[in-house]
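# Commentary on secondary and tertiary structure
Each chain, written out:
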Amino acid sequence: MTDRRQRPPRRGQGELEAQVLSALCAAEGPATAGWVQERLDGDLAYTTVVTILTRLLAKGAVTRERVGRSFAWTPASDEAGLAARRMRRVLDGEQDREAVLASFVTSLEPDDERLLRDLLTHPDHPGADGDG
């Protein structure tokens, strides 16, 4: 009989980035990769956290500043703005934008559809720009 350790299920695409961004959004200011790793209960290796942060930097989702020999990381916007950025990225990856938007709108709950119509009618509504 062989000792087969059960592996945890693989995370979905983008799930690690979402977890790291969520941890950064919870910070009260710029945070180090070590701080982010601690907030994720040490579930990820330090080097993995740095790799994810570097990828997020390339995507424009975070910024960084040098602090000593390390970096302090900050989300480029609040969680609503980051979600809007993800939605735009998905939309930008599709050829038939009209079909994607039509499908999205028809799948909304009535309250969300009303909210979207209100935001489209009043673009100066707080938070309508997605940058929080």
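In this text, all values refer to a predicted model and were calculated from it rather than measured experimentally. (Residues numbered from 1 in each chain as written. Predicted model: local features only at pLDDT ≥ 70, side-chain atom pairs only at ≥ 80, totals over all residues. Heavy atoms only, no water.)

## Notes on the overall build of the protein
Looking only at helices and strands, the protein has six helices and two strands in total. When the helices and strands of the protein are listed from N to C terminus, the series reads α-α-α-β-β-α-α-α. The 132 residues of the protein split such that 20% are buried. Across the protein, contacts joining residues at least 24 apart in sequence account for 46% of those joining residues at least 6 apart. (Helix = DSSP H or I, 4+ residues; strand = E, 2+ residues; numbered from the N terminus. Buried < 20%, exposed > 50% of the residue type's maximum accessible area, 1.4 Å probe, protein only. Contact = heavy atoms within 4.5 Å.)

## Examining the packing of aromatic side chains
Across all of its chains, the model carries one aromatic pair by this definition. The positively charged end of Arg64 is found above the aromatic ring belonging to Phe71, 3.9 Å away from the centroid. (Phe/Tyr/Trp six-rings, centres within 6.5 Å; stacked < 30°, edge-to-face > 60°. Lys NZ or Arg CZ within 6 Å of the ring centre and 35° of its normal.)

## As for the pattern of salt bridges
By the definition in use, this model includes five salt bridges. Across the pair Arg97 and Asp92 runs a salt bridge whose closest N-O atoms are separated by 2.8 Å. Take Arg97: its relative accessible area is 38%, and that puts it in the partly exposed class. The residue Arg117 makes a salt bridge to Glu113 at a minimum N-O spacing of 2.6 Å. Here Glu113 and Arg117 lie together in helix H6 (residues 110–121), a separation of four residues that amounts to about one turn. (Salt bridge = Lys/Arg side-chain N within 4 Å of Asp/Glu carboxyl O.)

## Thoughts on the pairing of strand S1 (residues 62–67)
In this sheet, strand S2 (residues 70–75) lies alongside S1 in antiparallel orientation, the contact comprising six bridges. Following the sheet pairing, Val67 is matched in S2 by Ser70. (Pairing = 2+ DSSP bridges.)

## Digging into the packing of helix H4 (residues 79–92) against helix H5 (residues 97–106)
One way to put it is that H4 packs onto H5 with a least axis distance of 9 Å and a crossing angle of 135°. Put simply, H4 runs oblique to H5. Contacts between H4 and H5 pair Met87, Leu91 and Asp92 from the former with Arg97, Val100, Leu101 and Phe104 from the latter. Grouping the constituent residues of the contact of H4 with H5 by class yields five nonpolar, no polar and two charged. (Axes fitted to C-alpha atoms, helices over the stretch in contact; angles between N-to-C directions. Parallel < 35°, antiparallel > 145°, perpendicular 65-115°, else oblique. Nonpolar A, V, L, I, M, F, W, Y, C, P; charged D, E, K, R; others polar.)

## Topic: helix H3 (residues 46–58)
Because each turn of an α-helix spans 3.6 residues, side chains separated by three or four positions end up pointing in the same direction. An ideal rise of 1.5 Å per residue puts 18 Å on 13 residues; H3 measures up with 19 Å between its terminal C-alpha atoms. Restricting attention to buried positions, one finds in H3 the residues Val49, Ile52, Leu53 and Leu56. Taken end-on, H3 shows its buried residues confined to a sector of 100°, consistent with a single buried face. Those residues of H3 that are exposed and angled more than 90 degrees off the buried face are Thr47, Arg55 and Ala58. (Expected span 1.5 Å × (residues − 1). Arc of directions from axis to C-beta.)

## Focus on the environment of Glu17
Its place among the elements puts Glu17 in helix H1 (residues 15–26). Classification of Glu17 by relative accessible area gives buried; the value is 16%. As a C-alpha pair, Glu17 and Leu56 span 39 residues in sequence and 7.3 Å in three-dimensional space. With near-sequence residues (within four places) excluded, Glu17 lies in contact with Ile52, Arg55, Leu56 and Lys59.

## Quick notes on the confidence of the model for the protein
Of all residues in the protein, 84% have pLDDT values of 70 or greater, and the mean over the chain is 85. The element-level mean pLDDT for the protein is lowest in H4, coming to 82, with S1 highest at 96. (pLDDT = per-residue confidence, 0-100.)

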